[in-house]
Amino acid sequence: MVNPEFKQNALKTILLCALAAPVLAVLTSCASSTAKDPNKEEWIELFNGKDLSNWTVKISGFELNDNAFNTFRVEDGMMKMRYDQYKEFNNHFGHIFYNGGPYSHYRMKVEYRFVGEQVKGGPGWALRNNGIMYHTQDPKTMGLKQDFPGSIEYQLLGGDGVNPRPTGNLCTPATHVVFNGKFTEDHIINSNSDTYHGDQWVTAELVVHGSEKAVHIINGKKVLEYTDLQWDNRTPNTGGYIALQAESHPTDFRRVTLLNLEGCMDKKAKNFKSYFVKNKQDACQY
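Predicted, not measured: the structure shown is a model, and the values here were computed from it.

Observations regarding the pattern of salt bridges
Per the stated rule, a full pass over the model turns up 13 salt bridges. As a salt-bridge pair, E185 and R234 come within 3.0 Å of each other at their nearest N and O atoms. Pair noted here: E185 is in the loop between β11 (182–184) and β12 (188–189) and R234 is in the loop between β15 (221–231) and β16 (241–246), with a separation of 49 residues, a long-range link. Owing to a relative accessible area of 54%, E185 belongs among the exposed residues under this scheme.

Concerning the environment of N233
By the secondary structure assignment, N233 is in the loop between β15 and β16. One polar contact links N233 to T235, side chain to side chain, over a distance of 2.7 Å.

Here's the deal with the confidence of the model for the chain
With 88% of its residues at a pLDDT of 70 or more, the chain has an overall mean of 91. Counted against residues more than four places away or in other chains, residues 13–21, with its pLDDT under 50, gives 0 contacts.

Things to note about the side chain of H176
As for its placement among the helices and strands, H176 is situated in strand β10 (residues 175–179). Only 3.0 Å separates the side chain of H176 from the side chain of D232, close enough to count as a polar contact. In this structure, H176 is in contact with F183, T184, E185, D228, L229, Q230, W231, D232 and R234, ignoring residues within four places of it in sequence.

A few points about the sheet that holds strand β2 (residues 55–59)
Backbone hydrogen bonds hold the strands of a sheet together, and the pairing may be parallel or antiparallel. The sheet built from 7 strands is open, its strands ordered β2-β5-β16-β7-β8-β9-β12 with antiparallel pairing. The open sheet has two edge strands with one neighbour each: β2 and β12.

Quick notes on unusual backbone geometry
In this structure, the amide linkage connecting G101 to the following residue, P102, adopts the cis form with an omega of 5°. Locating P102 in the fold gives a position in the loop between β5 (94–98) and β6 (105–114). For N91, which is not glycine, the phi dihedral falls at a positive 55°. Residue N91 is classed as partly exposed on the basis of its relative accessible area of 45%. Despite not being glycine, R234 has its phi angle at roughly 75°, a positive value. Using a relative accessible area of 40% as the deciding quantity, one classes R234 as partly exposed.

Details of the state of the cysteines
Considering all chains together, one arrives at 1 disulfide under this definition. The partner cysteine of C264 in its disulfide is C284, sulfur to sulfur 2.0 Å. With the S-S bond torsion at 95°, the cross-link from C264 to C284 turns out right-handed. You can see C264 sitting in the loop between β18 (262–263) and β19 (278–279) and its partner C284 sitting in the segment after β19, a full 20 residues away along the chain. Of the two residues examined, C264 and C284, each falls in the buried class.

Concerning the side chain of D252
With respect to the helices and strands, the residue D252 is situated in strand β17 (residues 251–260). Accessibility expressed as a relative area gives 1% for D252, which makes it buried. A polar atom in the side chain of D252 sits 2.7 Å from the side chain of R82. For D252, the residues in contact, after removing those within four places along its chain, are M78, M79, K80, R82, E111, Y112, R113, V115 and W201.

Let's talk about the environment of T195
In this fold, T195 is placed in the loop between β12 and β13 (202–209). Accessibility expressed as a relative area gives 25% for T195, which makes it partly exposed. When the C-alpha positions of T195 and G158 are compared, they lie 7.1 Å apart, and in sequence the two are 37 residues distant. Setting aside anything within four residues of it in sequence, one finds T195 in contact with G159, N163, P164, R165 and P166. A polar contact of 2.6 Å, which involves the side chain of T195, links it to the backbone nitrogen of R165.

Conventions and cut-offs
- Residues numbered from 1 in each chain as written.
- Predicted model: local features only at pLDDT ≥ 70, side-chain atom pairs only at ≥ 80, totals over all residues.
- Heavy atoms only, no water.
- Salt bridge = Lys/Arg side-chain N within 4 Å of Asp/Glu carboxyl O.
- Helix = DSSP H or I, 4+ residues; strand = E, 2+ residues; numbered from the N terminus.
- Buried < 20%, exposed > 50% of the residue type's maximum accessible area, 1.4 Å probe, protein only.
- Polar contact = N/O pair within 3.5 Å; in protein donor to acceptor, adjacent residues only side chain to side chain.
- pLDDT = per-residue confidence, 0-100.
- Contact = heavy atoms within 4.5 Å.
- Pairing = 2+ DSSP bridges.
- Disulfide = S-S within 2.5 Å.

So, in structure tokens, the structure goes:
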């Protein structure tokens, strides 16, 4: 004969287990949903759409962080390069550097467009011309009247309304690369992109692996690739800072985002990512 007290306790245990099961299921679900997915890309929004608090301005002829003539500004959720407060350009080439970094291995996406008319006195070659400067020198090391930082430039060009004019080209201020397997001292290497006339938005993407190689992509199409990124003195250019230009033509940027490809590559670590291409062991979290 079963002890009545034992029977009562057994029923209580069964009831408690039944009640606890859904709670455990929810907790398990929450734990799995908050676990980091090693394949999920973690893009960094470099431009917050609100202000320039994460950026440093350097305009030729002016001290660091002197945003002369309100050249760089944020309006309507966009970063804008404007010249409405200039009487004349006077070679005041400008750059705005992201405060994070330096970076070496990453993907970067920028959405840009050219608008309006070029400022009076702007050079002819700078018509609808801007650029993403990457692997740059530290902006703190730039001279007062230095026009361009030492860097690799991902050149952005808008069409003139008539002629073919590719964008996503390469320029090399104080740098060199290997193109088609040959070292070159050419300052400009054109891409094979389409021409984008008018004020249309264009998406420029950069994939760079240190000094090893870089790829330019325009609106999803690969348009240029080169290797062996290096300084004028032939030492490898392995990384640096990121900047956007102001070369005399009004330009809008509505998105600037970066995916770091350098990080912990130990699969046992909590912050392992399958898309990393360069290991940073001291960044591993266990």
